[in-house]
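# Notes for the structure review
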Amino acid sequence: MKPAVILFPGSNREQDAVRALRLVSGAKPQVVWHAEHELPKGTDLVVLPGGFSYGDYLRCGAIAARANIMEAVRAHAARGGLVLGICNGFQILCEAGLLPGVLVRNARLRFVCREVLLRVERADTPFTKAYRKGELIRIPVAHGEGNYTADEATIARIEGEGRVAFRYARPDSRIDETDGPNGAINGIAGIYSEKFNVLGMMPHPENYIEPEIGPTDGRGLFESLAGALKAA
């Protein structure tokens, strides 16, 4: 496993991502500065971490999506390489055209920082094989612009192709947009690309991996990635 974590001005979760990858897989991620033009040789996973790239000016992720390194990230994804965008990373992926839709202001216009319940929508992707379909996991969120939205045709396509990765859920597994932290359509917390090799999600799985400091529900995502890349 040869992961690369992209660092933009304003990122603040890159070391959390590095630590999660190292603890779960034993890998030694390389942190890549946004101004670079190439990924490290042999990179098989790219992680776009959370934070406030470029201070969230214009729109969240809009400037970062045009950084030099993003051409290499697009090429990596086009070859079938795995890409994970977390929180601000999800916003960047949408702004870069690697995922459809956009993340806008939370419905209540407040920054939300708390634990949420997510329902795993499928367990047959490189990101989720360590989970069970329908499993409820606890993961924290921390964002002000996590309200996923898209036009009706895009939502219908995403839903029809089974590309919703996670949804904000109630303890009984039901989905209710009014219960979610941000008002996202259909409770969408994360989505896949058409080839299921790119995942963007607003919650932070990298913060729930160590039993010494809290829940470990986020480990499954990194374990899934490690397993998928080892098998490849």
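Numbering of residues starts from 1 in every chain and runs along the sequence as written. Residues qualify for local features only when their pLDDT is at least 70, as the model is predicted, and side-chain atom pairs are given and counted only at 80 or more; totals for whole chains, interfaces and linings, by contrast, use all residues. Values reported for side chains reflect all heavy atoms of the structure, with hydrogen atoms and water molecules removed beforehand.

## Remarks on the UniProt feature "active site" (unreviewed entry) in the protein
UniProt positions are given in the numbering used here, feature names are shortened, and annotations may be inferred rather than shown by experiment. UniProt feature "active site" (unreviewed entry): in the numbering of this structure it lies at Cys-87, His-204 and Glu-206. Spanning 120 residues, the named residues form one tight spatial group whose C-alpha atoms are at most 11.1 Å apart. Here a strand is any run of E in DSSP of at least two residues, a helix any run of H or I of at least four, and the numbering for each starts at the N terminus. Locating Cys-87 in the fold gives a position in the loop between β4 (82–86) and α3 (88–95). A 1.4 Å probe rolled over the protein chains alone gives each residue an accessible area, and that area as a share of the maximum for its type sets the label: buried under 20%, exposed over 50%, partly exposed in between. On the basis of relative accessible area, Cys-87 is assigned to the buried category, the value being 5%. Contact criterion: two residues are considered in contact whenever any of their non-hydrogen atoms come within 4.5 Å of each other. When neighbours within four sequence positions are excluded, Cys-87 is seen to be in contact with Gly-50, Ala-142, His-143, Met-201, Met-202 and His-204. Looking at the element boundaries, Glu-206 is found in the loop between β11 (198–201) and α5 (219–231). Residues contacting Glu-206, with those up to four places away along its chain left out, are Arg-13, Asp-16, Ala-17, Ala-20, Ile-86 and Phe-222.

## Examining the environment of Ala-17
Relative to the helices and strands, Ala-17 resides in helix α1 (residues 14–25). On a C-alpha basis, the gap between Ala-17 and Pro-29 in space is 8.8 Å, while along the polypeptide they are twelve residues apart. Setting aside residues no more than four positions away along its own chain, Ala-17 makes contact with Val-5, Val-47 and Glu-206.

## Topic: the sheet that holds strand β10 (residues 188–192)
By this definition, two strands are paired if DSSP reports at least two bridges between them. The strand order across the open sheet formed by nine strands is β2-β1-β3-β4-β11-β10-β9-β6-β7, and the pairing between neighbours is mixed. Edge positions in the sheet fall to β2 (30–33) and β7 (136–143), since each has one partner strand and no second. If you compare each strand with its neighbour and ignore which way they point, the axes differ by 25° on average. Note: strand β3 (residues 45–48) against β4, four bridges, orientation parallel. From the neighbouring strand, Leu-48 faces β4, where its bridge partner is Gly-85. Packed onto the sheet, α5 meets β3, β4, β9 (164–168) and β11 and runs at close to 170° relative to β4. For helices, the fitted axis covers only the stretch in contact; all axes are lines through C-alpha atoms, and the angles between them, taken along N-to-C directions, range from 0 to 180 degrees.

## Overview of the layout of surface pockets
Unfilled space is identified by rolling a water-sized probe across the atoms. Points on a 1 Å grid, built from protein atoms alone, make a cavity when a 1.4 Å probe fits but cannot get out and make a pocket when they are open with protein on both sides within 12 Å along at least 5 of 7 lines; residues with an atom within 4 Å of a point are the lining residues. Grid points are joined across faces, edges and corners, and a volume is the space filled by probe spheres set on the points. A volume near 190 Å³ is recorded for the largest pocket. In the scheme used here, Gly and all other residues not listed as nonpolar or charged are polar, with Ala, Val, Leu, Ile, Met, Phe, Trp, Tyr, Cys and Pro taken as nonpolar and Asp, Glu, Lys and Arg as charged. Its residues placed into classes, the lining of the largest pocket shows eight nonpolar, four polar and three charged.

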